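# Inside the fold
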Amino acid sequence: MDYWPANAKIIQVDADPRVLGLVKSISVGIHGDANAAAAALVERLAGRELDCAANRAERKARIEAEKGVWEKELAEWIQEQDPYSLEVAKDSPHMHPRQMLRELEKALPRHAMVSTDIGNICSVSNSYLRFEEPRSMFAAMSFGNCGYAFR
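Heads up: these notes are all about the structure in this document.

A tally of regular secondary structure across the protein chain gives five helices and four strands. When its C-alpha atoms are laid out on the principal axes, the protein chain stretches across 60 × 35 × 35 Å. By the burial criterion, 17% of the 151 residues in the protein chain qualify as buried. In the protein chain, of all internal contacts separated by at least 6 residues, the share reaching a separation of at least 24 is 28%. With the model as given, the accessible surface of the protein chain reaches about 11,900 Å², and the carbon-plus-sulfur share is 55%. Across the protein chain, the mean location of the 19 positive side-chain charges is 5 Å away from that of the 22 negative side-chain charges.

The subject of this paragraph is helix α4 (residues 97-107). When we look at burial in α4, the residues that qualify are Arg98, Leu101, Arg102 and Glu105. Buried residues of α4, seen end-on, are gathered within an arc of 100° and therefore sit on one face of the element. Residues Lys106 and Ala107 are exposed on α4 and point more than 90 degrees away from its buried face. Against α2 (56-76) and α5 (120-128) lie the buried residues of α4.

This next bit is on a nonpolar patch on the surface. A cluster of nonpolar side chains, Ile11, Val28 and Leu41, forms an exposed patch at the surface whose accessible area comes to about 220 Å². With respect to the helices and strands, the residue leucine 41 is situated in helix α1 (residues 34-45).

So, about the pattern of salt bridges. If the charged atoms of two oppositely charged side chains come close together, the side chains can form a pair. Following the criterion strictly, the structure yields nine salt bridges and no others. Across the salt bridge formed by arginine 18 and aspartate 16, the nearest N and O atoms sit 3.0 Å from each other. Assessed through its relative accessible area of 69%, arginine 18 is described here as exposed. Given a relative accessible area of 23%, aspartate 16 falls into the partly exposed group. Arginine 130 is the partner of glutamate 71 in a salt bridge, and the nearest nitrogen-oxygen pair spans 1.8 Å. In this pair, glutamate 71 sits in helix α2 while arginine 130 sits in the loop between α5 and β4 (137-139), placing the two residues 59 residues apart along the sequence.

With that out of the way, let us pick up the packing of aromatic side chains. What the rule picks out here adds up to zero aromatic pairs. Its guanidinium or amino end placed over the ring of tryptophan 77, arginine 98 lies 3.5 Å from that ring's centre, counting from NZ or CZ.

Tracing the sequence through the fold places threonine 116 in strand β3 (residues 114-116). With a relative accessible area of 13%, threonine 116 lands in the buried category.

Criteria and cut-off values
Residues numbered from 1 in each chain as written. Predicted model: local features only at pLDDT ≥ 70, side-chain atom pairs only at ≥ 80, totals over all residues. Heavy atoms only, no water. Helix = DSSP H or I, 4+ residues; strand = E, 2+ residues; numbered from the N terminus. Buried < 20%, exposed > 50% of the residue type's maximum accessible area, 1.4 Å probe, protein only. Contact = heavy atoms within 4.5 Å. Areas by Shrake-Rupley, 256 points an atom, 1.4 Å probe, with all protein chains shown as cover. Lys, Arg positive; Asp, Glu negative; His and termini not counted. Charge placed at Lys NZ, Arg CZ, Asp CG, Glu CD. Arc of directions from axis to C-beta. Patch = residues over 30% accessible without salt bridge, like charges linked within 9 Å, V, L, I, M, F, W, Y side chains within 5 Å. Salt bridge = Lys/Arg side-chain N within 4 Å of Asp/Glu carboxyl O. Phe/Tyr/Trp six-rings, centres within 6.5 Å; stacked < 30°, edge-to-face > 60°. Lys NZ or Arg CZ within 6 Å of the ring centre and 35° of its normal.

Here's what the structure looks like:
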């Protein structure tokens, strides 16, 4: 999927004006509260026919298909396949981290909350663990490793 379509107009809202347009060129930069800005944008768009409505079903089907492919890949990906990882795991009695995350996903109770340490595990665990409630996954913030928080 083209994450950033070439003709996309990007509106970025941030409380820190120094980060507006920092990662990607933006069409509109709003220095302010994201919740208030989103509410104002929704109000201004009310009653308008949006271009994206024309292909909503097609986009939804494509996203669902991509999710299915990703789920299948995760189900089969119980350990890294590079030569070094295969050598290390060859005679190990220990469960590989990816396999552990898949089993943890299956065993998590409905209202569970998970916290991860800094490093690659925060992004890898986001691929496996599923939550039905907001603010259930807590990951360390680090621009060098993970760089985002889950809600």
